[in-house]
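Understanding the architecture of this molecule
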2 protein chains.
Amino acid sequence: MALSDPKIIPNIPERLLMGPGPSPVSSSVRLAMAQPVLGHLDPAFLAIMDEVADHLRWVFGTENRLTLPLSGTGSAGMEAAVANWVQPGQRVLVVAAGLFGQRLADAAARQGGVVDVLEVPWGSALDAEQLKDRLAQAPEPYAVVALVMAETSTGVLQPMDGLSDLVHRHGALFLVDAVTAIGGMPVDVDRQGLDVVYAGTQKCLAVPPGLAPFSAGEAALDILRQRPSPVPSWYLDLSMLERYWGGERFYHHTAPVSMIYALAEGLRRIRREGLDARFARHRRASAALGAGLQAMGLSLVVDAAVRLFSLTTVYIPEGVDDAAVRGRLLNDFGIEIGGGLGPFRGRVWRIGTMGEGAQLEPVARVLSALEATLHRTGGVEAAVASWGGASGA
Amino acid sequence: MALSDPKIIPNIPERLLMGPGPSPVSSSVRLAMAQPVLGHLDPAFLAIMDEVADHLRWVFGTENRLTLPLSGTGSAGMEAAVANWVQPGQRVLVVAAGLFGQRLADAAARQGGVVDVLEVPWGSALDAEQLKDRLAQAPEPYAVVALVMAETSTGVLQPMDGLSDLVHRHGALFLVDAVTAIGGMPVDVDRQGLDVVYAGTQKCLAVPPGLAPFSAGEAALDILRQRPSPVPSWYLDLSMLERYWGGERFYHHTAPVSMIYALAEGLRRIRREGLDARFARHRRASAALGAGLQAMGLSLVVDAAVRLFSLTTVYIPEGVDDAAVRGRLLNDFGIEIGGGLGPFRGRVWRIGTMGEGAQLEPVARVLSALEATLHRTGGVEAAVASWGGASGA
C-alpha cells in the first residue's frame, strides 16, 4: 500500500495569506491546537469556554449572555441566524450589496422567509435614507432586517450609524454579518443595536477557519422563546446551545475542543494588543496597501470613506490575465490573493490585510510581488511612505 | 488588564479520555493542526481534500462519489442527513434504541418529516423481524428509514444484516448514524446498502471533534436532485458542497483547514494500521475491559453479542455515588469516563475503548483506578489475562 510510505505525506507549503481569508495564523495559535484534547464537559475545558465567551463579549462590545462560538465556519453563523430568527412566512428585508448579502437572502428564503432584497450596487454601501424609504414603503412590516457589515466580495464597510434605530422603529430585528469585520474594525453590538450578529474566526481574529462567533440580545432571545415551531436545525438551535454554554452545561453536541483552544489563544493575543491598537493597525495596513496599489497605477474599487480596513478590492488592469497573475504570486512568491466573485470575477482582485497580515512587512511583500509580476514600480515605496518612513528606523 | 499576564493562561491537563468521546488523540494528529494554514482553494489544500475523501471512502467501504467531511461535529452530520433527505410532509421511520436515535427522530421532525418512532428498549438492539413487521404494517410507505448503528448512549452495536434489503424493498432510503462505529468496527456502506451515512471524528478515528465524515450513494443523490424545494440549510446543502469537494471546486464556504489536516493525519495512521487490525484491536480492548469489569463484580448492560467494541456500559453498583467516583477518577487519576444519559443517568457508566484508547495499557489504567476507587480487585488481572498474558512478555 503506497499510502504507508511516509514520503508521500504532502508537504504543506508556507503561504502568505493575503486573500479574503483564511488569514495568516501565528504559531502560538496553531500550537494551541496541538495541546491535549479535553472532554467537552471537563471542568478544565468549561473554564476555557467561559474565558472564550468573555473575550468574545469584549470583542463584540456586548454584555449579551448568549455569546459563544458556534461549531462551524462563519457560514454556520449565517445559517444559525436565519434558522433561529427567520420563521416560515415572515417578511424579511435583506440588504444585498455583494455576494454575501445575496447568500443571506438565499439562506433566509430557504427557511421559509418571504424575502425582499434591497439591492445596492457592488462596491457601494447602503445609504440610511434608502433603508428608511424602503421600510416606509413596506406594504407589511418586516420581522427581520438583515445586512452584511463587511462585504467580503466587494471590500465595502457598511456605515452602521442610525441603521438600528430605523430597523427598531419599524419593529424588526436587526441581523448583521460581521464575518470580515470582527477583530479588525469596531463591531459594537450593544452600541450599534445589533440584535443578532455572527462572525468568523479566519479573518481579522487570525484564527483558523472552523468556528462562528455569535451573539444575540434579549429581544432576539424573547422572540426565540416565543417561536410557535421549533428551530428547524437541531444542530444550530440556540435555545439548546445556550444551555451548554450557559451555567447549566447541558450536553448538546461535542464541542470542537481543539478549535476552541485556537480561538482562546487568538483572543488572548487580541486582548494583549488591545482593540483600539488593533483597529489602528488594520487601518494603517489598508491605507499602506491602497497607497501602494495606486502608486503602481492601479485603481481601487471602493471609496476610501467606506473601504474595509481588512480587504481591498482593486481593478485588474486591462490586458492582464487574472489567473496567470494569481498563479504566479502563489507559485513563485508563495502569496495568496483572492480573485473576484460574481460580477467581479476576472475584473477585480481582493487583497486582505487581516490579523497578522495587517502589518507593513506582508503588505510590502504582496506589493513587491505584484510589481515584479505586473512590471510596475512605486508600490512598496508608497506603502512604506504611507506607513511613516522606513521600517526598523 | 489581568489577562495580559501569561501566568493565567490555563494549563491544559493531560487526561486519559476513556469516556464516550472525544477519545485520546495522538501527538502526530494534534501536531498536524499546527501546520501552516492554507487557503481553501490552494492546490496544495485541494490535494489534501482529495486524499481525505479517498481515505474516507476506504474507511466507509464505499465508492460513493459524495464522500466528504462536513464542517461541523458528528451532530452536523445528522443535521445534514435529515436536512437533505427528510422533506416536509414525508413519512419517516426512526428506530430509537437510545438517546441518539431519539435525537434523530427529533431532528427529522424539525425538518417537517412525519416521524414514527420504533422504540427499542435501552440496552437492546432492533430485531430485523420487528422492522419487517413495522414496515409491513405501515399505512403509507415511509420515504426514509433511519437508525443508529452504534448507540453511544447504550453501548449497543446494531446488527445490520438484512436491514437494508427490508428498507429498500419497502422503497425507502436507509439513513444511518455511524458516529461511534467508524474506524473501530466495520461500516461497509456499499455492502450493507446504506444510502446516507454520517459519522464523527472524535471516537474511533482518534481525531479531535469538529468534522462529520459523510457519504451518500447515487439513489440518495437522485432524490436530492429531484427535491421540489431547496434544502432548508444553506450551510449543509450537499448539492452545493458536492461542487466544492468534487472536481468543480466551486466555492461554498471556507473549509476548516486545520481540522482537515488532523483528519488527514488520523486517516493516514488508520491506513498504516489497516482496518482489520484496527477492528481486532478494538474488539480485544472491549473484551479485556469487559472481563476486567466483570472480574471486579460489576455487571455489564449489554449482551456480548451486540456490545460495541468502542463503548462499554456498566451498571453502577448499589450505594455508589456516580458523580463522586467520576470526579475522583478525573481529579485523582486524570481519567475521564462517561456518565449515563436519559434513563441511564446515575445508573450506568460509559467507558470508551476508542482509537488510541483501545489498547491494554489504557484499559488497565481505567480498571486500576476503578479498583482503587471502588475498593475492588481482580479487574486489571482479568483484563491482562483476556489480552493474552503479561504485556511486554
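What you see is a predicted model; the values in this text were computed from it and never measured. (Residues numbered from 1 in each chain as written. Chains lettered and ligands numbered in written order. Predicted model: local features only at pLDDT ≥ 70, side-chain atom pairs only at ≥ 80, totals over all residues.)

1. Digging into the overall build of chain A
The helix and strand inventory of chain A stands at 14 helices and 14 strands. Relative to the 2.2 N^0.38 estimate, which gives 21 Å for 393 residues, the radius of gyration of chain A is 21 Å and therefore close to what a compact globule would have. If you line up chain A on its principal axes, its C-alpha atoms span 60 × 55 × 50 Å. When the 393 residues of chain A are sorted by exposure, 57% land in the buried category. (Helix = DSSP H or I, 4+ residues; strand = E, 2+ residues; numbered from the N terminus. Rg over C-alpha atoms; globule rule 2.2 N^0.38 Å. Buried ≥ 20, exposed ≤ 12 C-beta atoms within 10 Å, placed from the backbone.)

2. A look at the packing of helix α12 (residues 322–333) of chain B against helix α13 (residues 360–374) of chain B
Residues and elements named next belong to chain B. Look at α12 against α13: their axes get within 10 Å of each other, and the N-to-C directions meet at 120°. Between α12 and α13, the angle falls in the class oblique. Handedness of the crossing formed by α12 with α13: right-handed. Contacts from V325, R328, L329 and F333 in α12 reach A369, T373 and L374 in α13. Residue composition of the contact of α12 with α13, by class: five nonpolar, one polar and one charged. (Axes fitted to C-alpha atoms, helices over the stretch in contact; angles between N-to-C directions. Parallel < 35°, antiparallel > 145°, perpendicular 65-115°, else oblique. Left-handed = near helix turned anticlockwise from the far one by under 90°. Contact = placed C-beta atoms within 7 Å. Nonpolar A, V, L, I, M, F, W, Y, C, P; charged D, E, K, R; others polar.)

3. Overview of the relation of the copies chain B and chain A
For the pair chain B and chain A, the best superposition has an RMSD of 0.0 Å and corresponds to a rotation of 180° with a translation of 0.0 Å parallel to the axis. What the superposition gives is, in effect, a two-fold axis relating one chain to the other. Every residue of chain B has its C-alpha some distance from the rotation axis, and the shortest such distance is that of G72(B), at 2.5 Å. The residues that chain B uses at the interface reappear at the interface of chain A in 100% of cases, marking a shared surface. (Least-squares fit on C-alpha atoms with pLDDT ≥ 70 in both.)

4. Points about the sheet that holds strand β4 (residues 114–119) of chain A
Residues and elements named next belong to chain A. Read across the sheet, seven strands follow the order β2-β10-β9-β8-β5-β3-β4 without closing on themselves; strand pairing throughout is mixed. Each of the sheet's edge strands pairs with one partner strand only, and the pair in question is β2 (66–70) and β4. Strand-to-strand, the axes of this sheet are offset by a mean angle of 15°, without reference to chain direction. In the sheet, strand β9 (residues 196–198) pairs with strand β10 (residues 212–216) via three bridges, with the strands oriented antiparallel. (Pairing = 2+ DSSP bridges.)

5. Digging into unusual backbone geometry
Across the junction of G21(A) and P22(A), the peptide omega takes the value 5°, indicating a cis bond. When you line up the elements, P22(A) lands in the loop between β1 (16–17) and α1 (27–32). With phi around 60°, R249(B) is a residue other than glycine that occupies positive phi space. Looking at where R249(B) falls in the secondary structure, it is placed in the loop between α9 (238–245) and α10 (257–273). For H375(B), which is not glycine, the phi torsion reads 60° and is therefore positive. One can find H375(B) in the loop between α13 and α14 (379–387). A residue is classified by how many C-beta atoms lie within 10 Å of it, and H375(B), with 7 of them, is exposed.

6. Some thoughts on the confidence of the model for chain A
Summary statistics for chain A give a mean pLDDT of 95 and a share of 96% for residues scoring 70 or more. Here the complex is predicted with pTM 0.96, and the ipTM for its interfaces comes to 0.96. (pLDDT = per-residue confidence, 0-100.)

7. Description of the interface of chain B and chain A
At the junction of the two partners, chain B supplies 60 residues and chain A supplies 60 residues. Elements supplying a minimum of two residues to the side of chain B that touches chain A: α1 (27–32), α2 (43–60), α3 (74–85), α4 (99–110) and α10 of chain B. Broken down by element, the residue count for the side of chain B that touches chain A peaks at six residues, all from α10(B). When its residues are assigned to classes, the side of chain B that touches chain A shows 31 nonpolar, 17 polar and twelve charged.

8. Overview of helix α11 (residues 275–295) of chain A
Residues and elements named next belong to chain A. For α11, built from 21 residues, the straight-helix expectation of 30 Å at 1.5 Å per residue is met to within 8% by its first-to-last C-alpha distance of 30 Å. Taken as a whole, α11 has its buried residues at R278, H282, A285, S286, A288, L289, G290, A291, G292, L293 and A295. Packing partners of the buried residues in α11 comprise α10 (257–273), β11 (311–315), β14 (348–352), α13 (360–374) and α14 (379–387). Following α11 by one or two positions, G297 has its phi on the positive side, about 90°. (Expected span 1.5 Å × (residues − 1).)

9. Quick look at the domain arrangement of chain A
Residue and element names in this part refer to chain A. The domains assigned to chain A are domain 1 (27–271) and domain 2 (275–387). Spacing between the C-alpha centres of domain 1 and domain 2 amounts to 28 Å. Across the boundary between the two partners, domain 1 contributes 22 residues, which contact 22 residues of domain 2. Partitioning the side of domain 1 that touches domain 2 into residue classes produces 13 nonpolar, eight polar and one charged. (Domains from an automatic or database assignment.)

10. Topic: the pairing of strand β8 (residues 173–177) of chain B
Burial of β8(B) is extensive: five of the five residues sit out of reach of the surface. By the alternation rule, side chains of β8(B) split into L173(B), L175(B) and D177(B) and F174(B) and V176(B), which are all buried.

11. Thoughts on the environment of R376(A)
Residues and elements named next belong to chain A. In this structure, R376 sits in the loop between α13 and α14. Judged by local crowding, R376 falls into the partly exposed class, with 16 C-beta atoms found within 10 Å. Taking the C-alpha atoms as reference points, R376 and A295, separated by 81 residues in sequence, lie 9.2 Å from one another. When sequence neighbours within four positions are dropped, the list of residues in contact with R376 reads M296, G297 and E371.

12. Some words on the pairing of strand β5 (residues 144–148) of chain A
All names here are of chain A. Counting buried positions along β5 yields five of five residues, so the element is predominantly enclosed. Where burial is concerned, the two faces of β5 agree: the one with V144, A146 and V148 and the one with V145 and L147 are both buried. Pairing of strand β3 (residues 91–96) with β5, which is carried by three bridges, proceeds in the parallel orientation. If you follow L93 over to β5, its bridge partner there is V145. Alignment of β5 against strand β8 (residues 173–177), held across five bridges, turns out to be parallel. Bridging from a neighbouring strand, A146 pairs with L175 of β8.

13. Describing α9(B)
All names here are of chain B. Looking at α9, one finds that the buried residues are L238, L241 and W245. Taken down its axis, α9 places every buried residue within 55° of arc, on the same side. For α9, the secondary structure elements touched by its buried residues are α2, β2 (66–70), α3, β10 (212–216) and α8 (218–225). (Arc of directions from axis to C-beta.)

14. What about the sheet that holds strand β4 (residues 114–119) of chain B?
Residue and element names in this part refer to chain B. Spatially, β2-β10-β9-β8-β5-β3-β4 is the arrangement adopted by the seven strands of the open sheet, whose pairing is mixed. Two strands in the sheet have a free side with no partner beyond their single neighbour: β2 and β4. Shown here is a sheet whose adjacent strand axes are inclined to one another by a mean of 15°, direction ignored.

15. Digging into the environment of G342(A)
Residue and element names in this part refer to chain A. Tracing the backbone shows G342 in the loop between β13 (338–339) and β14. Along the backbone, G342 and E381 are 39 residues apart, and their C-alpha atoms lie at a distance of 33 Å. Leaving out residues up to four positions away in the same chain, G342 has contacts with L99 and S153.

16. Considerations on the environment of E63(A)
By the element assignment, E63(A) lies in the loop between α2 (43–60) and β2. Those residues in contact with E63(A) that sit more than four places away from it in its chain are R57(A) and D190(A).

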